[in-house]
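# Structure at a glance
Below are the chains, spelled out letter by letter.
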Amino acid sequence: MNTLLSIEKRNAVLLKMASLLQKERKAIIEINKKDLEAYKGDDISMYDRLKVDNSKVDEMIKSVTHLASQNDPIGVELFSFKHDNGLQVYNKTSSFGTVLIIYESRPDVTVEAAGIAFKSGNKILLKGGKESLCSNLKIVELWHQALKEENASTSWVEYLQFNRTETQEFLENPTQKVDLIVPRGGEQLIAFVKQHANCPVIVSGRGNNFVFIEKEADLEMALKVIINAKTAKISACNALDKVLIDKNLPNKEDFINTLISNLKAHNVEILGDETISKNYYIEAIKSDDIWYEEFLDYKIVVGEVDSTQDAITKINKYSGGHSASIITKNDTEAKSFMENVDSAAVYQNASTRFTDGSQLGLGGELAISTDKLHQRGPIGLQHLVTNKWYVYGNGQIR
């Protein structure tokens with residue numbers, strides 16, 4: 001186990017990483033082009049996540065710079081207690097030890113997620129997908145340079161060049177201690193990690209997010225939110241997949257027709273439930289199973305519900321437990337929706353696209369967890385910690 005680096009040393013490595021990313025910006029983008037050219041799949045969301053351009057490098061630099069400015073998450077006192085016998089008891093945050101991040105496609109994870117895990121005192125094991133190998137190895141080279149220049153061991157960040165069989169073997173019989181695994185990718189990757197891991201796994205789950213247009217909605221706002229949540233970034237887990245419309249919405253027909261034409265203008269494939277497809281001449285869903293699907297594509301399902309309670313029931317049955325939004329001027333309806341929808345993030349009158357560590361004030365995230373333990377939603381620096389009891393005595397026995 002590596003001895004915990006001082007907070008000054010961790011911050012210095014992060015700031016050095018920021019300057020190296022700036023210095024090597026062109027090289028990173030050029031190397032990433034090799035990965036893009038080698039990618040032969042037809043998954044547009046995978047390609048989008050794989051691509052590194054100037055704005056992606058800007059985000060990487062911003063992420064590590066912000067991390068360096070944040071307070072040390074280690075050693076934060078959570079609880080204290082003075083025992084009758086004089087024992088002084090403290091409960092404080094501590095690092096996990098070694099965190100393995102297994103991810104697909106996204107070279108920015110090699111900076112942002114690794115940065116969060118490093119700042120919170122952990123050794124980092126990175127296992128990226130083969131599609132982003134060239135980009136990832138270049139970024140890990142920069143991590144090692146930053147560590148060396150700050151007189152820290154390069155073993156703090158290690159890249160695992162494993163194939164699927166070797167990854168499975170490592171998960172089942174790790175050749176070094178692993179305290180926590182974070183899979184970042186599609187449902188197949190997450191299922192694979194959960195099946196084979198022999199230590200705790202934080203599930204960065206699927207999206208399948210819903211927006212409910214309640215009968216007292218501002219319709220112009222509703223339209224804006226839906227278009228943004230669906231089309232701004234289709235590869236994001238916080239993108240929109242399902243729209244539910246209150247059957248008692250005033251001007252419902254005009255609104256749905258406008259919504260359909262706006263979605264079509266953005267090349268979104270629209271499917272409707274029985275009521276919507278019949279009344280608005282769009283393709284009907286073939287099976288209720290589609291309500292469970294996360295699309296990560298220009299595709300959406302629109303359905304009608306009888307009430308807020310019906311919307312809550314439907315969302316809790318089908319969603320991925322990630323994000324759900326209600327568009328309404330009625331705060332009582334919004335309160336009921338937000339308290340009863342079982343998702344990591346719930347919204348009134350806003351796009352689901354804000355479920356993101358940087359947008360919710362964390363400065364970045366390790367993952368967006370749809371599990372309820374130990375942290376739900378975006379996992380920031382202050383959440384990637386466990387805790388430890390410190391007990392000071394002078395010979396007490398029980």
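Just so it is clear, the model here is predicted, and its values are computed rather than measured. (Residues numbered from 1 in each chain as written. Predicted model: local features only at pLDDT ≥ 70, side-chain atom pairs only at ≥ 80, totals over all residues. Heavy atoms only, no water.)

## A few points about the environment of Ile227
- Within the secondary structure, Ile227 sits in helix α9 (residues 219–231).
- As for Ile227 and Pro200, which are separated by 27 residues in sequence, their C-alpha atoms are 37 Å apart.
- In this structure Ile227 touches Ala232, Asn262, Leu263 and His266, once residues within four positions along its chain are discounted. (Helix = DSSP H or I, 4+ residues; strand = E, 2+ residues; numbered from the N terminus. Contact = heavy atoms within 4.5 Å.)

## Description of the packing of aromatic side chains
- Tallied over the entire structure, the rule returns 10 aromatic pairs.
- Their ring planes at 70° and their centres at 6.0 Å tell us that Tyr90 and Tyr392 sit as a pair that is edge-to-face. Note that Tyr90 is positioned in strand β2 (residues 88–94) and Tyr392 in strand β16 (residues 386–392), a separation of 302 residues in sequence.
- A relative accessible area of 23% means that Tyr90 is categorised as partly exposed.
- Given a relative accessible area of 45%, Tyr392 falls into the partly exposed group.
- Directly above the aromatic system of Phe295 lies the positively charged group of Lys242, at a separation of 4.6 Å from the ring centroid.
- The side chain of Lys314 reaches across the aromatic face of Trp291, ending 4.0 Å from its centre. (Phe/Tyr/Trp six-rings, centres within 6.5 Å; stacked < 30°, edge-to-face > 60°. Buried < 20%, exposed > 50% of the residue type's maximum accessible area, 1.4 Å probe, protein only. Lys NZ or Arg CZ within 6 Å of the ring centre and 35° of its normal.)

## Section: the sheet that holds strand β4 (residues 123–127)
- Strand order in the open sheet formed by 4 strands is β5-β4-β3-β6, with parallel pairing between adjacent strands. Taken across any chain shown, the strands that pair with only one partner, and hence form the sheet edges, are β5 (157–159) and β6 (180–184). Neighbour-to-neighbour, the strand axes of this sheet turn through a mean angle of 20°, independent of strand direction.
- In this sheet, β6 lies alongside strand β3 (residues 98–103) in parallel orientation, the contact comprising 5 bridges. Looking at the pairing, Ile101 lines up with Val182 of β6.
- Its contacts with the sheet put helix α7 (residues 164–172) on β3, β4 and β6, and the angle it makes with β3 is roughly 150°. (Pairing = 2+ DSSP bridges. Axes fitted to C-alpha atoms, helices over the stretch in contact; angles between N-to-C directions.)

## Some points on the sheet that holds β2
- If you walk across this open sheet you meet the 3 strands as β1-β2-β16, and the pairing is antiparallel. Of all strands in the sheet, those bounded by a partner on one side alone are β1 (77–82) and β16. Within the sheet, the average angular offset between the axes of one strand and its neighbour, ignoring direction, is 15°.
- The pairing of β1 with β2 spans 5 bridges and is antiparallel.

## Quick word on helix α12 (residues 308–318)
- For α12, the full list of buried residues reads Thr308, Ala311, Ile312, Ile315 and Tyr318. In an axial view of α12, the angular spread of the buried residues amounts to 155°, which keeps them on one side of the axis.
- In the core, the buried residues of α12 are packed alongside β7 (209–213), β8 (240–246), β11 (299–305), β12 (323–327) and α13 (331–340). (Arc of directions from axis to C-beta.)

## Notes on the side chain of Ser132
- One can find Ser132 in the loop between β4 and α6 (133–149).
- Looking at Ser132, the relative accessible area reads 0%, which means it is buried.

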